[in-house]
Amino acid sequence: MKYVEVLVVGGGPAGLCAAISAAESGAEVLLTERSSILGGQLIKQTHMFFGSEKQYAGTRGIDITDILIDKVAELNVEVMKDANVLSVYEDGVISIEQNGKYMKVRPERIIIATGASEKSLAFPNNDMPGIYGAGAVQTLMNIHGVKPGHDVLMVGAGNIGLIVSYQLMQAGVNVKAILDASPTIGGYLVHASKIRRMGVPILTRHTVKRADGNDSLERATIVELNEKWQEIPGTEKEFDVDVMCVSVGLSPLSELLFQSGCEMKYVREFGGYVPLRDSNLKTSLDHIYIAGDVGGIEEASSAMVEGHIAGLAAAMSIDKQHPAFESLYKDYQEQLDSLRAGHAGDHIRAGMAKASL
Amino acid sequence: MLERTGIASKEQVASSFPSMERLAKGPVAIIECFQRIPCNPCATSCKRGAMIPFEDINDLPNLDHETCNGCSLCVFNCPGLAIMVVDYTYSDTHVSFKIPYEFLPLPQVGQMVKGLDRQGNEICRAEVLQVMNSKVMDRTPLITLAVEKEHLMTFRNIKVVS
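What counts, and at which threshold
Residues numbered from 1 in each chain as written. Chains lettered and ligands numbered in written order. Predicted model: local features only at pLDDT ≥ 70, side-chain atom pairs only at ≥ 80, totals over all residues. Contact = placed C-beta atoms within 7 Å. Helix = DSSP H or I, 4+ residues; strand = E, 2+ residues; numbered from the N terminus. Nonpolar A, V, L, I, M, F, W, Y, C, P; charged D, E, K, R; others polar. Core = buried A, V, L, I, M, F, W, Y, C linked by C-beta atoms within 7 Å. Buried ≥ 20, exposed ≤ 12 C-beta atoms within 10 Å, placed from the backbone. Domains from an automatic or database assignment. Pairing = 2+ DSSP bridges. Axes fitted to C-alpha atoms, helices over the stretch in contact; angles between N-to-C directions.

Caption draft 1: Structural view of the interface of chain B and chain A. Contact residues are listed per partner, giving 34 residues for chain B and 33 residues for chain A. Listing elements by their share of the side of chain B that touches chain A, those giving two or more residues are α1 (2-5) and α4 (41-45) of chain B. With 4 residues, α1(B) is the single largest residue contributor to the side of chain B that touches chain A. Each residue belonging to the side of chain B that touches chain A can be placed in one class, and the counts come to 15 nonpolar, 11 polar and 8 charged.

Below is the structure:
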């Protein structure tokens, strides 16, 4: 059995910031990451971030990863990569698998920052080769340098669908159209405009009717929807594409939280089941904290701020107080409030009202 | 319209342009940002005090066109690539546009490229006057183009054909 003060599960933007703030508070931290690279989804984000300078606005996601990893390296943080957290037991013991080796850890505090997984879309032949989630397309292109195909139909006009479309075009891939079942574009309109002026049509109120091909995707059929989200017969359009990229939202990866026994609730605005939490990001269990998308789908900028809050608060709860705790804590809470203040944060504020302890 | 198609309306585009009197005085930034989102690098990057500081990070940019001299700092700092600089005084017949362009291959100075509108339709030919890609621009190169004056309100993008 290994003993640590703070265990952070997940090395994405939220987990990295949680590890940084907990370690800067004087706690000894163990950070586990299931893949072989730290950074989570940040390592695929080649675009400049929004937000303010405090959340690295104007800096590209790939460069934010390096800034955070460098900070972690300077601090008292033990990093375990290729490490899967398998279970969270009632007595607070955690089991981890790393390179075929099984081990147990007993942390005083756990910060769960496992992120989210992509939602799927139901239509005939949706399991055909050539049909990807947007995250997989980004992994192929931006991590492995592999072009996913020649002609793409993007399904989903949220920020991820729009950003991945732009990255595909930068990689020399032809994006034939972006469609979304919603009546309006869900992502930032500046992202939509920069793709539209490259000549790519954005078709709102449209969905996928079916996919066809011999061994892999060759053709996608889409159809227009009416105000009741029902298909309008006769409005079918066909696209000759070898790639369909599905980007229809994310769902919190909350299995470990379910296992821990903390109080969970389905919150539509947050994309699925999330733990109830207080303003310190502590769940209904005193030793378990959360940060980032696992607590509700949002942007990486707020995931980083949440990581800092959870790190400060978890350390504080075991008497490891950051020398500047008061001012930092207040500043991070204010950053979260301002990131969520606008129209884009309406659903986040609605979700918070439902998920707060 | 914009929220359904990604294409700003004529009225929205017109609202982001200054008066003809201001345009006649030289380079100025044109900001096409019509949605309140949490983002402020345009305001924090402006060194001239032409961008009115935000009270709330969700504020829309508010540019004092008289103070702006078209320096272009905000153009490559905008994560939404929503800003360009227009110089109506470039010549009697042509206006110059400085736009952010994150695609390869970059055009060469002197090259003729296709000029596109906000829907990506080809509307004119444009001559490349300058290509800037310094370290401070962090991989958002700025391309300056000469475009006939009649396309002042419609030109917005280029297509580079080799």
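Caption draft 2: Highlighting the nonpolar core. All names here are of chain A. One finds Ala19, Ile111, Met244 and Cys245 to be the most contacted residues of the largest nonpolar core, which totals 143 residues. Taken domain by domain, this core gets at least three of its residues from each of domain 1 (2-117 + 250-355) and domain 2 (122-246). Sequence-distant contacts of Ala19, defined by excluding residues within four places in its chain, comprise Val8, Val29, Leu31, Val72, Val77 and Gly311.

Caption draft 3: Inspection of the sheet that holds strand β11 (residues 202-204) of chain A at higher detail. Residues and elements named next belong to chain A. Strand order in the open sheet formed by 5 strands is β8-β15-β9-β10-β11, with parallel pairing between adjacent strands. Where the open sheet ends on each side, the last strands, each with one partner, are β8 (131-133) and β11. Pairwise comparison of adjacent strand axes, ignoring direction, gives a mean angle of 20 degrees for this sheet. This element, helix α3 (residues 134-143), spans β8 and β15 (243-246) of the sheet and lies at about 90 degrees to β8.

Caption draft 4: Examining the domain arrangement of chain A more closely. Residues and elements named next belong to chain A. Under the domain assignment used here, chain A contains domain 1 (2-117 + 250-355) and domain 2 (122-246). Between the C-alpha centres of domain 1 and domain 2 the distance comes to 31 Å. Its residues assigned to classes, the side of domain 1 that touches domain 2 shows 1 nonpolar, 2 polar and 1 charged.

Caption draft 5: Region of the structure containing the sheet that holds strand β7 (residues 157-159) of chain B. Residue and element names in this part refer to chain B. Pairing is antiparallel across the open sheet formed by 7 strands, whose spatial order is β1-β2-β3-β6-β5-β4-β7. Single-partner strands in this sheet number two, and they are β1 (28-31) and β7. Geometrically, the sheet is characterised by an average inter-axis angle of 40 degrees between neighbouring strands, direction not taken into account. The pairing of strand β4 (residues 112-116) with strand β5 (residues 122-132) spans 5 bridges and is classified as antiparallel.

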